[in-house]
Amino acid sequence: MKPLLLLLALLCPLWCSAAEISESVLARVGDVILTSYEVRLASAAEEAQLSPGLSERERMEAVARIRQETLDAMILQELVWLDFQALKGKIPAELVQERMDNLILTQANANEERFRDMLHDMNMTYKEFQEKLTKQLAVEMLLYDRTRRNLFIPDVQIQEYFQEHRQEFVSAPQYRVQAIQLSAQNGWEETYEEIQRRLQEGEDFGALALQFSQGPNAQQGGDLGWLETMAPALQKVVDTLTPGEVAKSPLSLGNACYLIKLVDRKGGDTPTLTPELQEKIRKRLEDQAADQRLEEYKNTLFTKYPVRRY
């Protein structure tokens, strides 16, 4: 979807009228009618991001969920707009102009005439678009005022949350592993013993892997990269090793035997409350508090203004 079309799709819940659309009505908020066409237009970008690997049933369920969430968001936007009008709110003209200038810059390379032509191609005047943008800004500002204004999370609350959820911040352990793969046929033991002897004499594991390994990573010195998950048997061996150590016994898997070296290990440690983690928790707690405020505000809106779903 082209950038300006995407923007219009996002604005659609705030300005499409029943006179423009001739599809099924899904909801009415005050005097505003929301149709299935508007929902599809507003949800098109998100639907386009669905994985192509989904089955037909999974796709249908995902599309239904996205469109339901989109309709819910559209209803909320109209309710907030009604509340903004009831409060006799005003949007500063300079804020609207700033947003318009930014759109002209990003959508038409700062060429206002080109931007007007783009709107004209979609049967919309510059003034109409400006009015719709003003409405969008009104909704954004009132939602911010009701959900995030004066939202403060004290440090003691962050520390308490960290203590209660410490395990959530433990990063998954990762292991950097090298392996020399030998085919489990007669005589492999001799090769294995030779490799072990040469390692003890100080030869490089990667060079020996390049010479002896029959695995797909031989050209990379047997380097398997950083692993978070691995076969249980390999995990058992790795757990006995310290970084830089080579397993003293071969690992048998299928039709092959492996000589394993743990190159390095990271993650899995008990975290400390660093400034970065503190800000991450603060943001999480702010989002939770804002979500709670939003639910309370939505309940208020539904009691103040008429909403009907079809």
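Structure: above.
1. Some thoughts on the pairing of strand E3 (residues 174–183)
- Among the 10 residues that make up E3, 7 are buried, leaving the element largely enclosed by the rest of the structure.
- Examined bridge by bridge, E3 and strand E6 (residues 256–266) share 10 bridges and lie antiparallel to one another. The residue bridging Gln178 from the neighbouring strand is Lys261, located in E6.
- Across 3 bridges, the pairing between E3 and strand E4 (residues 223–227) is antiparallel.

2. Comments concerning the pattern of salt bridges
- Applying the stated criterion across every chain, the model contains 21 salt bridges.
- Its salt-bridge partner being Lys304, residue Asp83 comes within 2.8 Å of it at the nearest N-O pair. With Asp83 in helix H3 (residues 56–86) and Lys304 in helix H11 (residues 275–304), this residue pair connects regions lying 221 residues apart in the sequence.
- Taking the relative accessible area as the measure of exposure, Asp83 reaches 2% and is therefore buried.
- On the basis of relative accessibility, which here comes to 45%, the residue Lys304 falls in the partly exposed class.
- Between Arg197 and Glu201 there is a salt bridge, with the nearest N and O atoms lying 3.3 Å from each other.
- On the accessibility criterion, Glu201 (55% relative accessible area) is exposed.
- Shared partners join several salt bridges into a network, and the residues in it are Asp145, Arg146 and Arg149.

Analysis parameters
- Residues numbered from 1 in each chain as written.
- Predicted model: local features only at pLDDT ≥ 70, side-chain atom pairs only at ≥ 80, totals over all residues.
- Heavy atoms only, no water.
- Buried < 20%, exposed > 50% of the residue type's maximum accessible area, 1.4 Å probe, protein only.
- Helix = DSSP H or I, 4+ residues; strand = E, 2+ residues; numbered from the N terminus.
- Pairing = 2+ DSSP bridges.
- Salt bridge = Lys/Arg side-chain N within 4 Å of Asp/Glu carboxyl O.

By themselves, these are just geometric observations and shouldn't be taken as functional.
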